[in-house]
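# Chains, contacts and geometry: an overview
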Amino acid sequence: MDHLDQLESKSIYIIREAYYRFKDMAMLWSVGKDSTTLLWLCRKAFFGKIPFPIIHIDTGYKFPEMYAFRDRLAKEWGLNLIVGRNEEKIKEGMGPFKGSKLECCNELKTNALKQVIARYGLKAILLGIRRDEHGIRAKERYFSPRDTQFKWNYEDQPAEIWDQYKSKVEEEEHFRIHPLLHFTELDVWEYVRRENIPIVELYFTRDGKRFRSIGCVPCCSPIESNASTVDEIIEELKISKTPERAGRAQDKEDTYTMQKLRALGYM
Amino acid sequence: MEERKALVIGIDGVPFTLVKEYVEKGYMPNLKSILDQGFRLWQMDASLPDISSVSWTTFLTGVNPAEHGIYGFIHLDPRDYSLRFPNSGNVLAPTFFQILGLDPGGKDSSLARKYLPRFKEPRSSIVINVPHTYPAYPMKGVLISGFVALDMARAVYPPVLVSTLKRMNYVIDVDPSKGHRDRDGFLEDLFQALDTRKEAFDLFFQGKWDLFVACITETDRLHHFFFDAALDQDHAYHNDFVDFYRKLDSLIGHLYDVFRSRWGDEGLFMILSDHGFTRLKREVNVNRALEEAGLLKLRKDGERYQRMAPGTKAFALDPCRIHLHMKDRYPLGEVEEGDGESILRDLESIMGDLKDEEGNPVIRSMYRRDEIYQGPFMDDAPHLLCLPVDGYDLKGRVGTDSIFASSVFAGMHNQHDAMLLLPGNKDFSGKPHIGQLAGLLLDYFCGEDH
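Just so you know, these numbers come straight off a predicted model, no measurement behind them.

## Thoughts on the packing of helix α2 (residues 29–36) of chain B against helix α11 (residues 238–263) of chain B
All names here are of chain B.
- In contact at an axis separation of 7 Å, α2 and α11 are set at 45° when each is read in the N-to-C sense. Between α2 and α11, the interaxial angle falls into the category oblique. Seen from α2, the contacting residues are P29, N30, L31 and I34; seen from α11, they are D249, S250, I252, G253 and Y256.
- Its residues assigned to classes, the contact of α2 with α11 shows five nonpolar, three polar and one charged.

What follows is the structure, given as structure tokens:
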């Protein structure tokens, strides 16, 4: 079994294990490359027909290409698609230009997801996060309990050895399940290439720039790149030293810098 | 290769006039002795604006902000009006120590093009605590970043030195917020920080290097909180202030002696500050002045510059970088290219006429971007930069109730009173500018300093 086969079979094992334990389950699909890869793995796990709903949280600020891609695939793959929107806040005009970006994310993403979880009584959500994405994600488990406020206590988590996953914890509202945790960014692209998984065109170069990580239009910046095919992206990643999410707002360091500057009278 | 060595001591925010007076008063005997050995003290111009990140970057790169890309601690993202905090990764020109190391880090500048071909062998540098060098990056030698450095692990190159520095309790910066709540404790921290700087300088001094840059930033922190004590003998903290300068003087004397004992009289010795300092009388909220003149419109909700509403023609970033709200640059921008000139004239008259409650003028000089900047990164430059009369601290706060406000700070930067100490045989055709020093150092290393 080669490297990609091993990654794939581990993911499929976790997906099936999750569905066996939680019938009230759904998958979160951001339409990015990782969650589209997860979607592909879910189809494989259940021989083409995914037995649970697919949630897309729509902030209203996604790229038009993402909406088109979402609707096309939902139709072609016969997905049970739930689009979650925090309608109340969207009507109030919440957006990245109103209030802080953190507030915007909190209302249009986190609270929108909370609403969907409550409305459908979901007990588990599949997510396409990976350990190599960000320092803090290295601490994630495959089965990760969250309380009603979505709080994650990363210092007190069940051990996961010999493929034994804990899925019952008192008082917890729902589980996050991460079947893609062991993939790296490069693994995802190599798997996309092998399986010929459809990917939003934003990842490929246009006028010398492409997106390496996609989300809402105002919070994503493209990188300089001439990669126009999956092969070229893979070659580019092999020599890149820039972190994947460098184009995303780097809120934490900025907050600390701001505190330092303010203490000296700036701003 | 002829052996050439240079020691540069940076003292953040130390004004020429104060040093001169303290030398005359006998508070700085070591500096006096250095001056008596044939050195000269100059009053020097800092960068425009006179902010540490801009001034030190100008010193290190020897080029102006339109070429090195740093105009302040804060940059406004023109796509969404959010704030960005530039760091060393945003410096777009190589520093003189990268040029000396023959590795400009993929960067280019007029200075690099001039000097790189003149060096055949790379030279190594030790650079400690210079602001705006975080995160530390690969270079030939040692780089320990200064303010604003957030994480020791990313502030040191080569990284193997992190544990050494941690063991000696090296501090990147004192906690300036303590100056607001515990003045005595803050002073204690400043004295202690000077000790750990000395320890670090001594440690790395023993190594192999051609250029050593030792920067002290505690002076700037002392000045922000205690500058009113500098010359006021009745001030409760006057003696502490003078004691700090005595300690600084003894550190300078110590470094000078070690340098001379190791390299004789041949090496180049230099001291500089990145800007001057003066007593702060009033804070001036420039954006409030623009609001009252109808040039800046704010919404009630949102944070800082994200409050800007349609109809805004101009806004200011710290300290007084006034930008036109251009249509082709900002999502809500309305200023067409052809209207810029008349708005600039309005701005010049609004700022020129600005007077405090007692009728004293606030603005000392104004510059349009084309007058002071030249280079590939002009787009980020302010359209108008104002310098205040000493005492009026210009601020870029958004949404204040009044133009003038009192301050919790005792001192403020100024541009015209930075200091420079050099051997007496170095001369300038007029008043020196901090941007000239990189060329002077590189001239020295390629033997063209006569």
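Next comes the rest of the write-up.
## Some thoughts on the domain arrangement of chain B
Residues and elements named next belong to chain B.
- In terms of domains, chain B is made up of domain 1 (6–278 + 412–445) and domain 2 (282–406).
- Placing a centre on the C-alpha atoms of domain 1 and another on those of domain 2 gives a separation of 30 Å.
- Counting residues at the interface gives 27 residues for domain 1 and 34 residues for domain 2.
- Approximately 2,500 Å² of surface area, both sides summed, lies buried where domain 1 meets domain 2, with 67% of it carried by carbon and sulfur atoms.
- Along the contact surface separating domain 1 from domain 2 lie zero salt bridges.
- The interface formed by domain 1 and domain 2 holds eleven residue pairs in polar contact (both at pLDDT 80 or more) in total.
- Of all the elements in the fold, those that place two or more residues in the side of domain 1 that touches domain 2 are α4 (65–68), β3 (75–76) and β18 (411–414).

## Here we look at the side chain of D50 of chain B
All names here are of chain B.
- Inspection of the secondary structure puts D50 in the loop between β2 (39–44) and α3 (52–61).
- Buried charge without a salt bridge: D50, with R364 as the nearest opposite-charge side chain at an N-O distance of 8.1 Å.
- Setting aside anything within four residues of it in sequence, one finds D50 in contact with H275, L387, H413, N414 and Q415.

## Observations concerning the sheet that holds strand β15 (residues 384–388) of chain B
Residue and element names in this part refer to chain B.
- The four strands lie next to each other as β12-β13-β15-β14, forming an open sheet whose pairing is antiparallel. Looking at strand neighbours, the two that pair on one side only are β12 (314–317) and β14 (363–368), the edges of this open sheet. When the angles between neighbouring strand axes are averaged without regard to direction, this sheet yields 25°.
- Its contacts with the sheet put helix α13 (residues 340–352) on β12, β13 (321–324), β14 and β15, and the angle it makes with β14 is roughly 170°.

## A closer look at the environment of E336 of chain B
Residue and element names in this part refer to chain B.
- Note that E336 resides in the loop between β13 and α13.
- We classify E336 as partly exposed; its relative accessible area is 39%.
- Taking the C-alpha atoms as reference points, E336 and L324, separated by twelve residues in sequence, lie 9.7 Å from one another.
- Contact partners of E336, with chain neighbours within four places excluded, come to M326 and K327.
- A distance of 3.3 Å separates the side chain of E336 from the side chain of K327, its partner in a polar contact.

What counts and how
Residues numbered from 1 in each chain as written. Chains lettered and ligands numbered in written order. Predicted model: local features only at pLDDT ≥ 70, side-chain atom pairs only at ≥ 80, totals over all residues. Heavy atoms only, no water. Axes fitted to C-alpha atoms, helices over the stretch in contact; angles between N-to-C directions. Helix = DSSP H or I, 4+ residues; strand = E, 2+ residues; numbered from the N terminus. Parallel < 35°, antiparallel > 145°, perpendicular 65-115°, else oblique. Contact = heavy atoms within 4.5 Å. Nonpolar A, V, L, I, M, F, W, Y, C, P; charged D, E, K, R; others polar. Domains from an automatic or database assignment. Buried area = accessible area lost by both parts, 1.4 Å probe. Salt bridge = Lys/Arg side-chain N within 4 Å of Asp/Glu carboxyl O. Polar contact = N/O pair within 3.5 Å; in protein donor to acceptor, adjacent residues only side chain to side chain. Buried < 20%, exposed > 50% of the residue type's maximum accessible area, 1.4 Å probe, protein only. Lys, Arg positive; Asp, Glu negative; His and termini not counted. Pairing = 2+ DSSP bridges.

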